[in-house]
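Here is how the chains run, residue by residue.
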Amino acid sequence: MIKWCLSNCLLVIISFLVLADPMIALSREDTAYISLKRVGVSRHQADAYVVKKDECLFNIVRKKYAVSKREVYRILELVKHFNPQLKDLNVIYPGQELLLPKKRSSETVSTTGAANQVSGVLPDEKRGGIILKYVVKRGDNVSGIIHKKFNVSPWKIYRMLERVRHLNPKIRNLDRIYPGQTLLLPRTAHDEEPVPDGQREMEQDVITIPEYKILPVISHIAGRMYGMIITDGSYCIPVPPSGEVKIDCSRVPVIEINDGNTILLDLSSRIPVELKRVIESTWENYRVVSVKKRERISSILERIINVTGVYNIKDVSQYREIGDTPSTKIFVEWLVSKKSQFEGAGSYAFNFVSEPSRLLPSPVRVYADKNGLEIIEIMDGLGIAEDGEKYQPCAMQALDSRDGVSLADSLLKMLGYSPVKDSEANILSGEGLNLSIKVDLLLNIGGKRVIITSSRISEQILNILRKRGDTVISISGEKNKREIIENIMSAMNIPCLNDNFKFLLSGHNGKESGDISLSALRLGDDEILYLVDYDIDDGIYGLLNKEWKVTLVRY
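Quick summary incoming for the structure in this document.

Calculation notes
- Note on numbering: residues in each chain are counted from 1, in written sequence order.
- Predicted model: local features are reported for residues with pLDDT of at least 70 only, side-chain atom pairs are reported and counted for 80 or more only, and whole-chain, interface and lining totals are derived from all residues.
- Values reported for side chains reflect all heavy atoms of the structure, with hydrogen atoms and water molecules removed beforehand.
- By definition, a salt bridge exists where a carboxyl oxygen of Asp or Glu is found within 4 Å of a side-chain nitrogen of Lys or Arg.
- Only DSSP runs of H or I covering at least 4 residues are called helices, and only runs of E covering at least 2 are called strands; the numbering of each starts at the N terminus.
- Each residue is assigned to one of three classes by its accessible area relative to the maximum for its type, calculated with a 1.4 Å probe on protein chains only: buried under 20%, partly exposed between the two thresholds, exposed over 50%.
- Strands qualify as paired when DSSP identifies two bridges or more between them.
- A 3.5 Å cut-off defines polar contacts: any pair of N or O atoms within that distance qualifies, except that in protein one atom must be a possible hydrogen donor and the other a possible acceptor, and neighbouring residues in sequence count only when both atoms are side-chain atoms.
- Patches draw on residues past 30% relative accessible area with no salt bridge. Two like charges within 9 Å are joined, as are two nonpolar side chains (Val, Leu, Ile, Met, Phe, Trp, Tyr) within 5 Å.
- Only the protein chains shown count as covering a residue, and every accessible area follows the Shrake-Rupley method with a 1.4 Å probe.
- Classification of ring pairs rests on two measures: the distance between centres of Phe, Tyr or Trp rings, Trp counted by its six-membered ring, which must be within 6.5 Å, and the angle between planes, read as stacked under 30 degrees, edge-to-face over 60 and tilted in between.
- By the criterion adopted, a ring carries a charge over it if an Arg CZ or a Lys NZ lies within 6 Å of its centre and within 35 degrees of its normal.
- To define axes, lines are fitted to C-alpha atoms, for helices over the stretch in contact only, and angles between the resulting N-to-C directions are given on a 0 to 180 degree scale.
- Handedness of a crossing is defined here by the sense of rotation of the near helix relative to the far one, left-handed for an anticlockwise turn of less than a right angle and right-handed for a clockwise turn.
- Contact definition: two residues touch when any of their heavy atoms are within 4.5 Å.

### Section: the pattern of salt bridges
Working step 1: Following the criterion strictly, the structure yields 16 salt bridges and no others.
Working step 2: With its nearest N and O atoms 3.7 Å apart, the salt bridge here joins Glu386 to Arg365. One end of the pair, Glu386, is in the loop between β16 (383-385) and β17 (397-398); the other, Arg365, is in helix α10 (residues 362-370), with 21 residues separating them in the sequence.
Working step 3: Glu386 gets classed as exposed once you look at its relative accessible area, which sits at 53%.
Working step 4: As a salt-bridge pair, Glu459 and Arg466 come within 3.5 Å of each other at their nearest N and O atoms.
Working step 5: By relative accessible area, Glu459 is classed as partly exposed at 48%.
Working step 6: Under the relative-accessibility criterion, Arg466 is labelled partly exposed at 48%.

Next comes the structure, spelled out in structure tokens:
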């Protein structure tokens, strides 16, 4: 009841300020986009429930929300304000329709409550919100709390003291705090501070986008989080006991995140601090994000994602491996992932680029998406952008590798030779003596024979063949495919190198944004072929073929 009384008092104060203070009241030429009314409770935050036989309100609430007895009484206070027609909460009848508050994840009993108490953070900490509650312990002082909790430098402690003072207006002297007292602290040390120039290596180029492009970018990011952004019509937020905040979504867009918080995006930073506190203290699943003048788009997105309640965002600024056929490395600036308590995949990344030539090649982005990491790129002056270069997917040629003979035959034909299968290779002739052996493949090059056989040949015959200038290549069953290819290339005096070849994406766009790593046999000097024993993504092959003239063959 005290909480609702405080809310009512704040509503009265805000209403007075809106009427009396021209700095808070909107000018006549601006359409009012926030209004506070004393009205009946909206159904926006309520579910209709029809009472069944032998039900009582206490059990209905306890069953619906699965909360403790203490929490049931808190919810019953909301039910009372949602249903002013109820004179007595103990008197309901079958068939009666009631309005019950929508079930929120924050009403679920937290298994980490005990751990939070140990760390000094209350169980009802506003996760993902703009503030934390901290319980003062014996020997604490505000500077020490800030240093211990945020691990910031001394000059930052002074700046944060101002923010703590602003969050705790009832504490007149921050030097006088006592054990058991509750302090409101910022969620992070940098949540409302501009990022110093040069703090992040990848932010040396300041990325800005026009105001009219900001909402499409935010809408894209919200969609990636299975949410939506509302930019027209009115959005009503009940403020018990019988108040309502009405938002004009054309001026303050509303972002609804699936399974997460609802975010009011104040693009002009004109929602009064008092109103912001009323909304966030009344509804734990509402957050207000006020965009500052000339605030970087990276900062705006970081703050929005941080308050979703579902996703984490981290400035990783590092290379990440994606896929293994081939292994591809991409530089990632920001990584967004679902919190551990939420099911389902949700990881994606976004980078900021200063010009079109620095965009990732589209096949790399598609390949990353296939391997579970969507890359969103935001370009200076434009917003969401993609590489416009066209790449044709390529399909690999394949050697016949059913057995060693088939592999050797198809390899030689691919190189432009014409081997003869199941041929007789003459060894000795004349003076009534004729000796020959049957070989799998026989090839004549410049008057010299290349004999390829899977059969075992005696050492005496091998010596005779070598004296004749013949080259004998054994492809017996114990040799693997790579050995067969390397032996043939050696016999044919064709360069062959087994290695891990890297193709820098910086070779594509002038920036070290990653590389494609190809484990292969490289054949030749002029007409180079890369032989691999695995399948390659068609899109990546198309990129390799167009940018680096790579021809791939599978063996």
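There is more to say, and it comes next.
### A few points about the pairing of strand β8 (residues 243-248)
Working step 1: Counting buried positions along β8 gives 5 out of 6 residues, so the element sits mostly inside the fold.
Working step 2: Bridge analysis of strand β7 (residues 234-239) against β8 gives 6 bridges, and the strand direction is antiparallel. By the bridge assignment, Val239 is partnered in β8 with Gly243.

### So, the side chain of Asn261
Working step 1: By the element assignment, Asn261 lies in the loop between β9 (254-257) and β10 (262-266).
Working step 2: Accessibility expressed as a relative area gives 8% for Asn261, which makes it buried.
Working step 3: A distance of 2.8 Å separates a polar atom in the side chain of Asn261 from the backbone oxygen of Val307.

### Let's talk about a nonpolar patch on the surface
Working step 1: Residues Leu428, Leu433 and Leu435 make up a contiguous nonpolar surface patch of roughly 230 Å² in combined accessible area.
Working step 2: Mapping Leu433 onto the fold places it in strand β19 (residues 433-445).

### Remarks on unusual backbone geometry
Working step 1: Along the chain, Thr325 connects to Pro326 via a cis peptide bond; the corresponding omega equals 0°.
Working step 2: In this structure, Pro326 sits in the loop between β12 (311-322) and β13 (327-338).
Working step 3: For Asp54, which is not glycine, the phi dihedral falls at a positive 65°.
Working step 4: Considering the arrangement of structural elements, one finds Asp54 in the loop between β2 (46-50) and α2 (57-65).
Working step 5: Residue classification places Asp54 among the exposed positions, given a relative accessible area of 74%.

### Focus on the packing of aromatic side chains
Working step 1: Counted by the stated rule, this structure contains 6 aromatic pairs.
Working step 2: Note on Tyr319 and Phe331: the rings are 5.1 Å apart at their centroids and 80° apart in plane angle, and the pair reads as edge-to-face. On the criterion of sequence distance, the pair formed by Tyr319 in strand β12 and Phe331 in strand β13 is long-range, its members being 12 residues apart.
Working step 3: With relative accessibility at 36%, the residue Tyr319 sits in the partly exposed group.
Working step 4: Taken together through their ring pairs, the aromatic side chains of Phe501, Phe503, Tyr530 and Trp548 make up a single cluster.
Working step 5: It is Lys329 that lies over the ring of Tyr319; its NZ or CZ is 5.1 Å from the centre.

### Comments concerning the packing of helix α7 (residues 211-224) against helix α9 (residues 297-306)
For any two helices packed against each other, the geometry comes down to the angle between their axes and how far apart the axes lie.
Working step 1: Look at α7 against α9: their axes get within 11 Å of each other, and the N-to-C directions meet at 35°. Of the two elements, α7 crosses α9, and the hand of that crossing is right-handed. Across the interface between the two elements, Ile214, Val217, Ile218 and Ile221 of α7 pack against Ile297, Ile300, Leu301, Ile304 and Ile305 of α9.

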